[in-house]
Amino acid sequence: MAEQQVFPTKGNLMLAKKALQLAALGYELLDRKRNILIREIMSLVETAKELRSSIEDTYKEAYSALQLANMSMGVITPYAECMPIEKGLELSSKSVMGVELPKVTLQEKELEVNYGFSGTNSQLDRAYLAFEKVKRTTVTLAEVENSIYRLSVAIKKTQRRANALKNIIIPRNEQTVRFITNSLEEKDREEFSRMKVIKAVKLKKAAQAEK
């Protein structure tokens, strides 16, 4: 393949060596990036495990409190409808090796009771506090799981590019360098042999002329 594509000259040899050097550097950088992204995703996976366990317990606590409130007060739908829509979410991002990861923030604010105390009891208060905790944990989990997804996609892309360099580009450049080097060496050997023959002929002619 290299024989058909590249003419064996010193200029092309320099270009081929430069391409090989750049490909090797590219592979090294991609491999380093992949390792950093893997470390990042592994730390997030551990965090996600802890959050999933925590949020499961938090949901159980919240729905248990909600059930008790329903049992003690009857249907609490009118009180639930008093809850304001959450507008304190802020979305930004941070970059890890060129991968944009989401940063979701829920503004800290004092809890406000949006229902009257007449006709309510402490069970409703417990349910309200429990679901506030659910909301905050859900925000954190959403950020972590979205980051894990984006990192996994980036790792796959990085791995594909690194494999292409390692298994295709670098071997092809190495083959090109070998082909040009061997061709130039063979050319030098042929030139050396030709010069020896020419020298021998000249010496022979000089010797005959002396006779």
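As a reminder, the structure under discussion sits directly above these lines.
About the thresholds
- Residues numbered from 1 in each chain as written.
- Predicted model: local features only at pLDDT ≥ 70, side-chain atom pairs only at ≥ 80, totals over all residues.
- Heavy atoms only, no water.
- Helix = DSSP H or I, 4+ residues; strand = E, 2+ residues; numbered from the N terminus.
- Buried < 20%, exposed > 50% of the residue type's maximum accessible area, 1.4 Å probe, protein only.
- Contact = heavy atoms within 4.5 Å.
- Areas by Shrake-Rupley, 256 points an atom, 1.4 Å probe, with all protein chains shown as cover.
- Lys, Arg positive; Asp, Glu negative; His and termini not counted.
- Salt bridge = Lys/Arg side-chain N within 4 Å of Asp/Glu carboxyl O.
- Core = buried A, V, L, I, M, F, W, Y, C linked by side-chain atoms within 4.5 Å.
- Expected span 1.5 Å × (residues − 1).
- Pairing = 2+ DSSP bridges.
- Patch = residues over 30% accessible without salt bridge, like charges linked within 9 Å, V, L, I, M, F, W, Y side chains within 5 Å.
- Phe/Tyr/Trp six-rings, centres within 6.5 Å; stacked < 30°, edge-to-face > 60°.
- Charge placed at Lys NZ, Arg CZ, Asp CG, Glu CD.

### Quick look at the overall build of the protein
A tally of regular secondary structure across the protein gives 4 helices and 2 strands. Taken from the N to the C terminus, the helices and strands of the protein come in the order α-α-α-β-β-α. Counting over 211 residues, the protein shows a buried share of 26%. Counting only contacts in the protein whose residues sit at least 6 apart along the sequence, the fraction spanning at least 24 positions is 79%. Total accessible area on the protein is roughly 14,900 Å²; 57% of this is exposed by carbon and sulfur atoms.

### What about the side chain of Lys33?
When you line up the elements, Lys33 lands in helix H2 (residues 10-73). One buried charged residue, Lys33, remains without a salt bridge, the closest side chain of opposite sign being Glu100 at 10 Å.

### A closer look at the nonpolar core
Ranked by size, the top nonpolar core spans 15 residues in total, and within it Leu37, Val99, Val144, Ile148 and Leu151 carry the most contacts. Breaking this core down by element, the ones donating at least two residues are H2, strand E2 (99-106) and helix H4 (122-210). Ignoring sequence-local partners within four residues, the contact set of Val144 consists of Leu44, Thr47, Ala48 and Leu51. Val6, Leu13, Ile180 and Leu184 belong to the second-largest nonpolar core, a separate cluster that totals 7 residues.

### Considerations on H2
The end-to-end C-alpha distance of H2 is 90 Å, a good match for the 94 Å that 64 residues give at a rise of 1.5 Å each. Just downstream of H2, Gly74 is the residue with a positive phi angle, here 90°.

### Regarding the pairing of E2
Bridge count between strand E1 (residues 89-96) and E2: 8 bridges; the pairing is antiparallel. Bridged to Ser95 within E2 is Glu100. Between E1 and E2, which pair antiparallel and follow one another directly, the connecting turn spans 2 residues, one of which, Met97, has a positive phi of 55°.

### Structural notes on a nonpolar patch on the surface
On the surface, a cluster of nonpolar side chains totalling about 270 Å² of accessible area is made up of Leu22, Leu25 and Leu29. You can see Leu22 is positioned in helix H2.

### Details of the packing of aromatic side chains
Counted according to the given criterion, the structure contains 2 aromatic pairs. For the ring pair Tyr59 and Tyr63, a centre distance of 6.1 Å and an interplane angle of 15° mean the geometry is stacked. Residue Tyr59 and its partner Tyr63 are both found in helix H2; the two are separated by 4 residues, about one turn of the helix. Geometrically, the ring pair formed by Tyr63 and Phe131 is edge-to-face, given 5.3 Å between the ring centres and 85° between the ring planes. Within this pair, whereas Tyr63 is found in helix H2, its partner Phe131 is found in helix H4, the two being separated by 68 residues in sequence. On the basis of relative accessible area, Tyr63 is assigned to the partly exposed category, the value being 47%. Through successive ring pairs, a cluster of aromatic residues spans Tyr59, Tyr63 and Phe131.

### Focus on a positive patch on the surface
Where like charges cluster on the molecular surface, the positive patch consists of Lys156, Lys157, Arg160 and Arg161. Tracing the sequence through the fold places Lys156 in helix H4. The class of Lys156 is exposed, set by a relative accessible area of 55%.

### A closer look at the pattern of salt bridges
Under the definition given, this model contains 8 salt bridges. The partner of Glu143 in a salt bridge is Lys103, with the nearest N and O atoms 4.0 Å apart. You can see Glu143 sitting in helix H4 and its partner Lys103 sitting in strand E2, a full 40 residues away along the chain. Given a relative accessible area of 15%, Glu143 falls into the buried group. A relative accessible area of 38% places Lys103 in the partly exposed class.

### Quick notes on the environment of Arg136
Along the polypeptide, Arg136 turns up in helix H4. As a C-alpha pair, Arg136 and Gln107 span 29 residues in sequence and 9.8 Å in three-dimensional space. Setting aside anything within four residues of it in sequence, one finds Arg136 in contact with Leu106, Gln107, Glu108 and Lys109.

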